[in-house]
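Chain by chain, the residues run as shown.
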Amino acid sequence: MTIDRVEAKLLALKISVKLEVYGIVFDEEKFLHAVSLKPSLHGIISIVKKLLPRENGEGAVEEFVCDEDSDDDDIYDMFYMSSEDQKRRGSVQA
């Protein structure tokens with residue numbers, strides 16, 4: 001099964017709306033780009049797996065560790081806190 005651009009946009013919109021409630025901004029363009037690289041159901045599942053936190057063997061969720069040398073424009077870097085939420089939390093980046 002292949003995911004076309006319209007289906008990918010609809011999925012991105014659904015994700016964006018769900019995350020907006022929590023003050024999280026979802027970069028739909030990066031998602032659409034990632035989907036275009038593997039436009040199949042299996043490809044979408046592998047993308048989502050990369051976005052979700054991993055569990056260790058004991059069932060606990062491993063904390064995501066940011067690699068300081070990583071590129072800020074990573075294709076899987078799709079989630080951001082809204083600037084309003086950053087201001088409420090006292091972020092210096094807001």
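Residues numbered from 1 in each chain as written. Predicted model: local features only at pLDDT ≥ 70, side-chain atom pairs only at ≥ 80, totals over all residues. Heavy atoms only, no water.

> Please clarify how the side chain of K30 should be interpreted in this entry.
Structurally, K30 can be placed in helix α2 (residues 28-37). Exposure remark for K30: the relative accessible area of 12% places this residue in the buried category. (Helix = DSSP H or I, 4+ residues; strand = E, 2+ residues; numbered from the N terminus. Buried < 20%, exposed > 50% of the residue type's maximum accessible area, 1.4 Å probe, protein only.)

> Whenever I open this one, the packing of aromatic side chains confuses me. Can you help?
Pairs of aromatic rings are described using the distance from one ring centre to the other and the angle between the two planes. Counted under the stated rule, the structure contains two aromatic pairs. Taking 5.5 Å as the distance between ring centres and 55° as the angle between the ring planes, the aromatic pair formed by F26 and F31 counts as tilted. No difference in accessibility class separates F26 from F31, as the two residues are buried. Both rings, one in F26 and one in F79, keep their centres 5.4 Å apart while their planes meet at 40°; by these two values the pair is tilted. Taken as a pair, F26 in strand β1 (residues 24-26) and F79 in strand β2 (residues 79-81) lie far apart in primary sequence, 53 residues in all. Using a relative accessible area of 6% as the deciding quantity, one classes F26 as buried. One aromatic cluster is present, formed by F26, F31 and F79 through successive ring pairs. (Phe/Tyr/Trp six-rings, centres within 6.5 Å; stacked < 30°, edge-to-face > 60°.)

> What is the right way to look at the environment of H42 in this model?
By the secondary structure assignment, H42 is in helix α3 (residues 41-51). Between the C-alpha atom of H42 and that of I3, which follows or precedes it by 39 residues, the distance is 9.9 Å.

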